[in-house]
Amino acid sequence: TKKAASSTIQAIAKDLEEKQMGSLRGLVRVNSNFELEKLAGVNAGNPILLFIHGTNSSTAGSFAELKGTELWDHMVKTYGNNILAFQHETLTKSPLQNALDLVNQLPLNANLEVITHSRGGLVGEILCRFSVASGAEMGFSEQEISLLNEEGRKTDTDTIAELQKKYPAKKFIVKKFIRVACPSSGTTILSKRLDYFFNISLNLLGTIPVLAASPVYAAMKNLLIAIVDQKN
């Protein structure tokens, strides 16, 4: 019964992610109007500004309020067509899996300057571990992997091994990294109190008429009902 409930929640969560992110997924370009565009090549010789969004959100949800500000004008002037964003699954994939997907899509020898929000900071942390750092151990230590193995986290250790294989072919560098509201010391809100998180999110969305009538609101409500039902 528990497996069946988990499978149902996984499917509903995937539906919510699809509605939040739309058709553009993965590594995309952000134009001067803060509109997402399909990525068709990037000048890896120049710095790349990369946005990584937070939990239960999207690039627009985490960063779109930059549009129309002096800061955004400065970013566009500084980076031009090298402003990218990573549209990724935050409910159905782990930060490690997100990082692997991102590394697979990065151009060769990318020179990254990364801005993250919330859980996106965990993906950024993993990128930094595999970035060129003189004298530092690349990726994860044997002790860290041993601790994960003791907890039965085989999927995570397999993903780390895959990241360690992929990096030499990509050779990206994280030159700057800004974390905003990152749960870097862990959080209980998305584990033991998952129903609280979605209940609060749903109530906030419901106060805005345009959002309350959106497919995202309906999908989030379905997920909350499924989570509460499993808990009961």
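Residues numbered from 1 in each chain as written. Predicted model: local features only at pLDDT ≥ 70, side-chain atom pairs only at ≥ 80, totals over all residues. Heavy atoms only, no water.

1. Here we look at the nonpolar core
Reasoning step 1: Counting 26 residues, the largest nonpolar core has Leu 50, Leu 102, Leu 112, Leu 127, Leu 163 and Phe 172 as its most contacted members.
Reasoning step 2: For this core, the leading source of residues is helix H4 (residues 95–105), giving five residues.
Reasoning step 3: Ala 13, Leu 202, Leu 224 and Ala 226 belong to the second largest nonpolar core, which has 16 residues in total. (Core = buried A, V, L, I, M, F, W, Y, C linked by side-chain atoms within 4.5 Å. Buried < 20%, exposed > 50% of the residue type's maximum accessible area, 1.4 Å probe, protein only. Helix = DSSP H or I, 4+ residues; strand = E, 2+ residues; numbered from the N terminus.)

2. Description of the sheet that holds strand E4 (residues 83–87)
Pairing between the strands of a sheet comes from backbone hydrogen bonds, and it takes one of two forms, parallel or antiparallel.
Reasoning step 1: Here we have six strands laid out as an open sheet, ordered E2-E1-E4-E3-E5-E6, and mixed in their pairing. Edge positions in the open sheet fall to strand E2 (36–38) and strand E6 (173–180), since each of these has one partner strand only. Each strand of the sheet is rotated relative to its neighbour by a mean of 30°, with strand direction disregarded.
Reasoning step 2: When strand E3 (residues 48–52) meets strand E5 (residues 111–117), the two strands line up parallel, connected through five bridges. (Pairing = 2+ DSSP bridges. Axes fitted to C-alpha atoms, helices over the stretch in contact; angles between N-to-C directions.)

3. Quick look at helix H5 (residues 120–130)
Reasoning step 1: For H5, the full list of buried residues reads Gly 120, Gly 121, Val 123, Gly 124, Ile 126, Leu 127 and Phe 130.
Reasoning step 2: Here the buried face of H5 lies against E3, H4, E5, helix H7 (154–170) and E6. (Contact = heavy atoms within 4.5 Å.)

4. Overview of a nonpolar patch on the surface
Reasoning step 1: A contiguous nonpolar patch, built from Tyr 196, Ile 200 and Leu 204 and spanning about 320 Å² of accessible area, is present on the exposed surface.
Reasoning step 2: Residue placement: Tyr 196 occurs in helix H8 (residues 194–206).
Reasoning step 3: We classify Tyr 196 as partly exposed; its relative accessible area is 43%. (Patch = residues over 30% accessible without salt bridge, like charges linked within 9 Å, V, L, I, M, F, W, Y side chains within 5 Å. Areas by Shrake-Rupley, 256 points an atom, 1.4 Å probe, with all protein chains shown as cover. Salt bridge = Lys/Arg side-chain N within 4 Å of Asp/Glu carboxyl O.)

5. Description of the state of the cysteines
Reasoning step 1: The full count for this structure, using the stated rule, is zero disulfides.
Reasoning step 2: Looking at Cys 182, it has no disulfide partner, and the nearest cysteine sulfur is the one in Cys 128, 11 Å off. (Disulfide = S-S within 2.5 Å.)

6. A look at unusual backbone geometry
Reasoning step 1: One non-glycine residue, Phe 34, adopts positive backbone phi at about 55°.
Reasoning step 2: Relative to the helices and strands, Phe 34 is located in the loop between strand E1 (26–30) and E2.
Reasoning step 3: At Lys 171, a residue that is not glycine, the phi angle is positive and equals roughly 50°.
Reasoning step 4: If you trace the backbone, Lys 171 turns up in the loop between H7 and E6.

7. Observations concerning the pattern of salt bridges
Reasoning step 1: On inspection of all chains with the given rule, the structure shows eight salt bridges.
Reasoning step 2: For the salt bridge of Glu 89 with Arg 25, the shortest nitrogen-to-oxygen distance reads 3.1 Å. Of this pair, Glu 89 sits in the loop between E4 and H4 while Arg 25 sits in the loop between helix H1 (2–21) and E1, and the two are 64 residues apart along the sequence.
Reasoning step 3: Given the relative accessible area of 15%, Glu 89 is considered buried.
Reasoning step 4: On the basis of relative accessibility, which here comes to 29%, the residue Arg 25 falls in the partly exposed class.
Reasoning step 5: Ionic pairing is found between Asp 158 and Lys 154, a salt bridge with its closest N-O pair at 2.8 Å. With Asp 158 and Lys 154 both in helix H7 and four residues apart, this pair spans about one turn of that helix.
Reasoning step 6: A residue is classified by how much of its surface remains accessible, and Lys 154, at 55% relative accessible area, is exposed.
Reasoning step 7: Each of Arg 25, Glu 89, Lys 93 and Asp 101 takes part in salt bridges that share partners, so that together they form one network.

8. Let's talk about the packing of aromatic side chains
Reasoning step 1: As enumerated under the stated definition, the model contains six aromatic pairs in all.
Reasoning step 2: Ring geometry for Phe 51 and Phe 63: centres 4.7 Å apart, planes at 35°, overall tilted. Here Phe 63 lies in helix H2 (residues 59–63) and Phe 51 lies in strand E3, a separation of 12 residues in the sequence.
Reasoning step 3: Ring geometry for Tyr 167 and Phe 172: centres 5.3 Å apart, planes at 80°, overall edge-to-face. (Phe/Tyr/Trp six-rings, centres within 6.5 Å; stacked < 30°, edge-to-face > 60°.)

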